[in-house]
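# Understanding the architecture of this molecule
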Amino acid sequence: MQTIDVNRLNDLHPNGRIDLIDVRMPTEFRAVHAKSARSVPLDALEPREVMSGRNGSSNDPLYVICRSGNRSAQACEKFISAGYENVINVEGGTTAWEQAGLPVVRGKKAMPLMQQVQISAGFLVLLGVVLGYFVHPYFVGLSGFVGAGLMFAGFSGLCPMASLIAKMPWNQCGSVKSCSV
């Protein structure tokens, strides 16, 4: 997989005219993103669709950015698996972009997804304990279910609760254009 650091990318395209996709969640994109980036969330990424909708030539490089470089590396792998080779991961992501003083767009911030998951899981565990004590002992099973879900998430790297919370209305922007404001 090809990579590039933010300063080199800026040197190659000083006018800011680059094909740069940001694969973070819409709320992360809305909070801050590279000025030239457009939002294409990793969980909805369809390489063929992205490539067919590009403004430039399909031979021009496609740069992929996220917060730190991990999700953009996953996105690059999706493109490579789909047969697209000229895809370049932006090292350090938006964090490095900001630290380099390159132009960003700032908008409305949202509570991070994992913080929302922690609050939800904690609430459900507490609810199960309280209902188990005051209503019926079987409600303690709710706490056990949440604990089992957290263990599954830890072992597998997949978190169904995070996937569900990510689809909630407060974690959506309505349209990609509204995420940039």
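Coordinates for the structure precede this section.
Residues numbered from 1 in each chain as written. Predicted model: local features only at pLDDT ≥ 70, side-chain atom pairs only at ≥ 80, totals over all residues. Heavy atoms only, no water.

### Some details on the packing of aromatic side chains
Counted by the stated rule, this structure contains two aromatic pairs. Seen in terms of ring centroids, Phe-79 and Tyr-84 are 6.5 Å apart; in terms of plane orientation they differ by 75 degrees. Their pairing is edge-to-face. For Phe-79, a relative accessible area of 0% gives the class buried. Between Tyr-133 and Phe-134, the ring centres sit 4.9 Å apart and the planes meet at 90 degrees, which makes this aromatic pair edge-to-face. Relative accessible area serves as the criterion here: at 68%, Tyr-133 is assigned to the exposed category. (Phe/Tyr/Trp six-rings, centres within 6.5 Å; stacked < 30°, edge-to-face > 60°. Buried < 20%, exposed > 50% of the residue type's maximum accessible area, 1.4 Å probe, protein only.)

### Describing the pattern of salt bridges
Summed over all chains, the structure comprises five salt bridges. Residue Asp-19 pairs with Arg-38 through a salt bridge whose shortest N-O separation is 3.3 Å. Taken as a pair, Asp-19 in the loop between α1 (6-12) and β2 (20-22) and Arg-38 in strand β4 (residues 37-39) lie far apart in primary sequence, 19 residues in all. On the basis of relative accessible area, Arg-38 is assigned to the partly exposed category, the value being 30%. One salt-bridge network, held together by shared partners, links Asp-19, Arg-38 and Arg-54. (Salt bridge = Lys/Arg side-chain N within 4 Å of Asp/Glu carboxyl O. Helix = DSSP H or I, 4+ residues; strand = E, 2+ residues; numbered from the N terminus.)

### Topic: the environment of Ile-88
Note on placement: Ile-88 falls in strand β6 (residues 87-91). In this structure Ile-88 comes out as buried when scored by relative accessible area, which is 8%. Considered as a pair, Ile-88 and Trp-170 are 82 residues apart in the sequence and their alpha carbons are 31 Å apart. Setting aside its immediate chain neighbours within four residues, Ile-88 contacts Gln-2, Thr-3, Ile-4, Pro-61, Leu-62, Tyr-63, Val-64 and Cys-76. (Contact = heavy atoms within 4.5 Å.)

### What to know about the packing of helix α6 (residues 113-134) against helix α7 (residues 140-156)
Here α6 crosses α7 at 155 degrees, and the two axes come no closer than 6 Å. Considering the angle they form, α6 stands roughly antiparallel to α7. In this structure, α6 meets α7 at a crossing whose hand is left-handed. Along its contact with α6, which presents Ala-121, Leu-124, Val-125, Leu-127, Gly-128, Val-129 and Gly-132, the element α7 presents Val-140, Leu-142, Ser-143, Val-146 and Leu-150. Partitioning the contact of α6 with α7 into residue classes produces nine nonpolar, three polar and no charged. (Axes fitted to C-alpha atoms, helices over the stretch in contact; angles between N-to-C directions. Parallel < 35°, antiparallel > 145°, perpendicular 65-115°, else oblique. Left-handed = near helix turned anticlockwise from the far one by under 90°. Nonpolar A, V, L, I, M, F, W, Y, C, P; charged D, E, K, R; others polar.)

### Structural notes on α6
Across its 22 residues, α6 extends 31 Å between first and last C-alpha, which sits within 8% of the 32 Å expected from 1.5 Å per residue. Turning to α6, its buried residues are Leu-113, Gln-116, Val-117, Ala-121, Gly-128 and Gly-132. The arc that holds every buried residue of α6, seen down its axis, measures 130 degrees, which confines them to one face. The outward face of α6, more than 90 degrees from its buried face, is lined by the exposed residues Gln-118, Phe-123, Leu-126, Tyr-133 and Phe-134. Buried residues along α6 sit in contact with α7 and α8 (160-166). (Expected span 1.5 Å × (residues − 1). Arc of directions from axis to C-beta.)

Keep in mind these numbers describe shape, not what the thing actually does.
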